[in-house]
Amino acid sequence: MIVEDEAGLAERLAEAVVAAGFVADRASDGVEALYLGQTIDYDAVILDLGLPKISGLEVLRQWRAERRQMPVVILSARGTWSERVEGLNLGADDYMAKPFHAAEVVARLRALIRRSSGNPATKLQQGRVSIDLVANVASVEGTDVDLTAQELKVLVYLMQRPGRVISQADLAEHVYGMSDMRESNTIEVFIARLRAKLGREAIRTVRGLGYRMDGL
Ligand code: CA
């Protein structure tokens, strides 16, 4: 989620985040941000501190008080170092002072998401399948496989959670933004296409519960 009230800046951040292979929901004030962060399990949040209605620091304080654990990168105006210190003390994971390069925000976001998934490496390997998380390329035994952005998102999410059963609803939440059209059977379609490209055995179905990649 990108929380930023300056429309132009929010747009540039969203473009960079989407180009890096993520889905981005946007909030433009503290009330909306607080609510979305309380109700949706985001992989990470970019949080501007100077927001209308409720400040970014207060939003962060409430999330952490409610044990919302998602990684948060705070954005602050240059010179407001005390805000950044307060933000880090309230549980922010990283910060960027304005002005910044969107590419740096995305790189920090990626690092935070990797760490919060429990695997800080930039490459994932499960059986014959590997993914380069920086280049966003999947391969089978060293040969690159052509995946759509959504197939790649499904695969990364499963590979970051080896041995765990992941439900269709959980996958859908990570593949689609709030404003995207979604159909209930599309996750099944992505899984079928991934199996066709990676080999049937790559992803197991756990009947009634979801999907799993084994750490073999
Ligand atoms: Ca602002």
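Summary of the structure given here. Numbering of residues starts from 1 in every chain and runs along the sequence as written. Local features in this predicted model are restricted to residues of pLDDT 70 or higher, and side-chain atom pairs are both shown and tallied only at a pLDDT of 80 or more, whereas totals for entire chains, interfaces and linings draw on every residue. Computation of side-chain values: all heavy atoms of the structure, hydrogens and water removed.

**A word on the sheet that holds strand S6 (residues 123–126)**
Next up, step 1: A pair of strands is labelled paired if DSSP reports no fewer than 2 bridges between them. Each helix is a run of DSSP H or I of at least 4 residues and each strand a run of E of at least 2, with the numbering of both proceeding from the N terminus. Strand order across the open sheet formed by four strands is S6-S7-S8-S9, with antiparallel pairing between neighbours. Taken across any chain shown, the strands that pair with only one partner, and hence form the sheet edges, are S6 and strand S9 (143–145). When strand polarity is set aside, the average angle formed by the axes of neighbouring strands in this sheet is 30°.
Next up, step 2: By the bridge criterion, three bridges tie strand S8 (residues 137–140) to S9 in an arrangement that is antiparallel. Across the sheet, residue Ser139 finds its bridge partner in S9, namely Asp144. Whenever a helix is involved, its axis is fitted only over the stretch in contact; in every case the axis is a line through C-alpha atoms, and angles between N-to-C directions fall within 0 to 180 degrees.

**Looking at the packing of aromatic side chains**
What characterises a pair of aromatic rings is the spacing of the ring centres plus the angle enclosed by the ring planes.
Next up, step 1: We call Phe, Tyr and Trp rings a pair once their centres come within 6.5 Å, taking the six-membered ring for Trp, and we label the pair stacked below 30 degrees between planes, edge-to-face above 60, and tilted otherwise. Within this structure, the stated rule accounts for zero aromatic pairs.
Next up, step 2: Cation over ring: Arg161 sits above Tyr157, and NZ or CZ is 3.6 Å from the ring centre. Remark: a charge is flagged as sitting over a ring if the NZ atom of Lys or the CZ atom of Arg is within 6 Å of the ring centre and within 35 degrees of the ring normal.

**Digging into the pairing of strand S4 (residues 72–76)**
Next up, step 1: Only protein chains enter the calculation, and the probe is 1.4 Å; a residue is then buried if its accessible area is under 20% of its type maximum, exposed if over 50%, and partly exposed in between. Of all five residues making up S4, five are buried, and the element is well covered by its neighbours.
Next up, step 2: With burial as the criterion, each face of S4 is covered, one bearing Val72, Ile74 and Ser76 and the other bearing Val73 and Leu75.
Next up, step 3: Bridge count for strand S3 (residues 45–48) against S4 is four bridges, and the pairing is parallel. Bridge pairing in S4 places Ile46 opposite Val73.

So yeah, pure geometry; function would need other evidence.
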